[in-house]
Amino acid sequence: MSIVVTGATGHLGRHVVEQLLDRVPAEQVTAVVRSAAKAADLAGRGVRIAVADYNDPATFDGLFAAGDKVLLISGNEFDKGRVGQHRVVIDAAKAAGVALLAYTSAPGSLTAALADDHRGTEEALLGSGVPYTLLRNGWYHENYTENLAPVLEHDAVLAAAGEGRISSASRADYAAAAVAVLTGEGHENKTYELGGDEAWSFAEYAAELSRQTGREIVYNAVTPEALTGILAGAGVPGPMAAVLAGLDVSIEKGELVVDSGDLSRLAGRPATPIAEAVAAALKG
Ligand SMILES: NC(=O)c1ccc[n+]([C@@H]2O[C@H](COP(=O)([O-])OP(=O)(O)OC[C@H]3O[C@@H](n4cnc5c(N)ncnc54)[C@H](OP(=O)(O)O)[C@@H]3O)[C@@H](O)[C@H]2O)c1
């Protein structure tokens, strides 16, 4: 029996594996990766490595064993039919008779196009009959704090979210919730709405950046159409620019506010405040 993490060489996956290694012996952890070379450091620490690709069902044959607890980290190939990719993992998990399949989804309140693949995957998972946990992850702090270069260049935060608020949390926080589910009991067939403890607005985010940099950084609220144009002008492919602007529309409607308290309850500690993530990013 193993705790199996897909997407283990991704940003979130690495946090999950790292935190699992604090809790269980390395030989009980399996990292599913596309590149063994990228996972060499994990192998060196005793983690079992399985090479598989969501696009190739045969690579998942025999990968899982009865009783495994699996974390399916959603893929990032938006043009390849992610629901079909995720179904490959769900089918393999069902065939093996895993004890639990946890899936990193999106908040139940999110109606933006980006949520469609998550709703489709949730449906496939629930329809499979495999014991599941839906980890409906809210937004990452890092979506913003890892993209500070243009903000600092123009002394402006640009968004089409009006006065909407976001309950973001750090990837490490979401990983802590996932690890609690994978190493704990009683999470079968549960849905967790995960987000930070304090929601913030872009005006507050700009004010926090101003406070920490000593500069005057403003929030420049634009329309979704203007944002789409600006992103496209900066080289983001047209359809993706529209998807990202659509997300801001969802933020303005409050769809990324999560007030369940599930994340800090599962992690057993408060979520990381956005101010802390800003400080870490500015330190570089
Ligand atoms: N909540 C949020 O704010 C937010 C933001 C961005 C993304 N997400 C979602 O959350 C997921 C995890 O976030 P992250 O920051 O860890 O993203 P990430 O760093 O891009 O990691 C994605 C992981 O998925 C793996 N993957 C992609 N396609 C695959 C395939 N065909 N077969 C097997 N593995 C595949 C990647 O493998 P490699 O390591 O080989 O590349 C990588 O490990 C993302 O993939 C995305 O679905 C959420």
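Residues numbered from 1 in each chain as written. Predicted model: local features only at pLDDT ≥ 70, side-chain atom pairs only at ≥ 80, totals over all residues. Heavy atoms only, no water.

**Focus: the site of the ligand**
Now for step 1: Around the ligand lies a shell of 23 residues, among which Thr 9, His 11, Leu 12, Lys 38 and Ser 74 are the nearest.
Now for step 2: Asn 76 has a polar side-chain atom sitting 2.8 Å from an oxygen atom of the ligand.
Now for step 3: Between the ligand and Arg 82 there is a distance of 3.2 Å, counted from an oxygen atom to a side-chain nitrogen or oxygen.
Now for step 4: The fraction of the free accessible surface of the ligand (890 Å²) that becomes covered by protein chains is 85%.
Now for step 5: Looking at the shell around the ligand, its residues break down into six nonpolar, eleven polar and six charged. (Near = heavy atom within 4 Å. Polar contact = N/O pair within 3.5 Å; in protein donor to acceptor, adjacent residues only side chain to side chain. Areas by Shrake-Rupley, 256 points an atom, 1.4 Å probe, with all protein chains shown as cover. Nonpolar A, V, L, I, M, F, W, Y, C, P; charged D, E, K, R; others polar.)

**Quick notes on the pattern of salt bridges**
Now for step 1: Here the structure, examined in full by the defined rule, presents 15 salt bridges.
Now for step 2: Between Arg 82 and Asp 117 there is a salt bridge; the shortest N-O distance is 2.8 Å. With Arg 82 in helix H3 (residues 82–96) and Asp 117 in helix H4 (residues 116–128), the pair connects residues that are 35 residues apart, well separated along the chain.
Now for step 3: You can call Arg 82 buried: its relative accessible area is 4%.
Now for step 4: For the salt bridge of Asp 262 with Arg 265, the shortest nitrogen-to-oxygen distance reads 2.8 Å. Residue Asp 262 and its partner Arg 265 are both found in helix H11 (residues 262–267); the two are separated by three residues, about one turn of the helix.
Now for step 5: Residue classification places Arg 265 among the exposed positions, given a relative accessible area of 57%. (Salt bridge = Lys/Arg side-chain N within 4 Å of Asp/Glu carboxyl O. Helix = DSSP H or I, 4+ residues; strand = E, 2+ residues; numbered from the N terminus. Buried < 20%, exposed > 50% of the residue type's maximum accessible area, 1.4 Å probe, protein only.)

**Observations concerning the environment of Ala 177**
Now for step 1: Its location among the elements puts Ala 177 in helix H7 (residues 171–183).
Now for step 2: Sequence separation between Ala 177 and Thr 223 is 46 residues; the distance between their C-alpha atoms is 35 Å.
Now for step 3: In contact with Ala 177, not counting residues within four places along its chain, are Leu 194 and Leu 266. (Contact = heavy atoms within 4.5 Å.)

**Observations concerning the sheet that holds strand S6 (residues 132–137)**
Now for step 1: Pairing is parallel across the open sheet formed by seven strands, whose spatial order is S3-S2-S1-S4-S5-S6-S9. Looking at the sheet topology across the chains shown, the edges are occupied by strand S3 (48–51) and strand S9 (190–194). On average, adjacent strands in this sheet sit at an angle of 20° to one another, irrespective of strand direction.
Now for step 2: By the bridge criterion, five bridges tie S6 to S9 in an arrangement that is parallel. Counterpart to Leu 135 in the pairing with S9 is Tyr 192.
Now for step 3: Those strands touched by H4 are strand S5 (100–105) and S6, and its axis lies near 165° from that of S5.
Now for step 4: This element, H7, spans strand S1 (3–5), strand S4 (69–72), S5, S6 and S9 of the sheet and lies at about 155° to S4. (Pairing = 2+ DSSP bridges. Axes fitted to C-alpha atoms, helices over the stretch in contact; angles between N-to-C directions.)

**Thoughts on the packing of helix H1 (residues 11–21) against H7**
Now for step 1: At a minimum axis separation of 8 Å, H1 and H7 run at an interaxial angle of 50°. Here H1 is positioned oblique relative to H7, judged by the angle of their axes. Our pair here, H1 against H7, has a crossing hand that is right-handed. Residues His 11, Leu 12, His 15, Val 16, Gln 19 and Leu 20 of H1 form the contact with H7, whose participating residues are Arg 171, Ala 172, Tyr 174, Ala 175, Ala 176, Ala 178, Val 179, Leu 182 and Thr 183.
Now for step 2: Class assignment for the residues of the contact of H1 with H7 results in ten nonpolar, four polar and one charged. (Parallel < 35°, antiparallel > 145°, perpendicular 65-115°, else oblique. Left-handed = near helix turned anticlockwise from the far one by under 90°.)

**Concerning the packing of H3 against H4**
Now for step 1: The contact between H3 and H4 brings their axes to 9 Å, and the two run at 20°. In this view, H3 runs roughly parallel relative to H4, as classed from their interaxial angle. Helix-helix and strand crossings are classified by hand; for H3 and H4 the assignment is right-handed. Residues Arg 82, Val 83, His 86, Arg 87, Ile 90 and Lys 94 of H3 form the contact with H4, whose participating residues are Asp 117, His 118, Gly 120, Thr 121, Ala 124, Leu 125 and Ser 128.
Now for step 2: Grouping the constituent residues of the contact of H3 with H4 by class yields four nonpolar, five polar and four charged.

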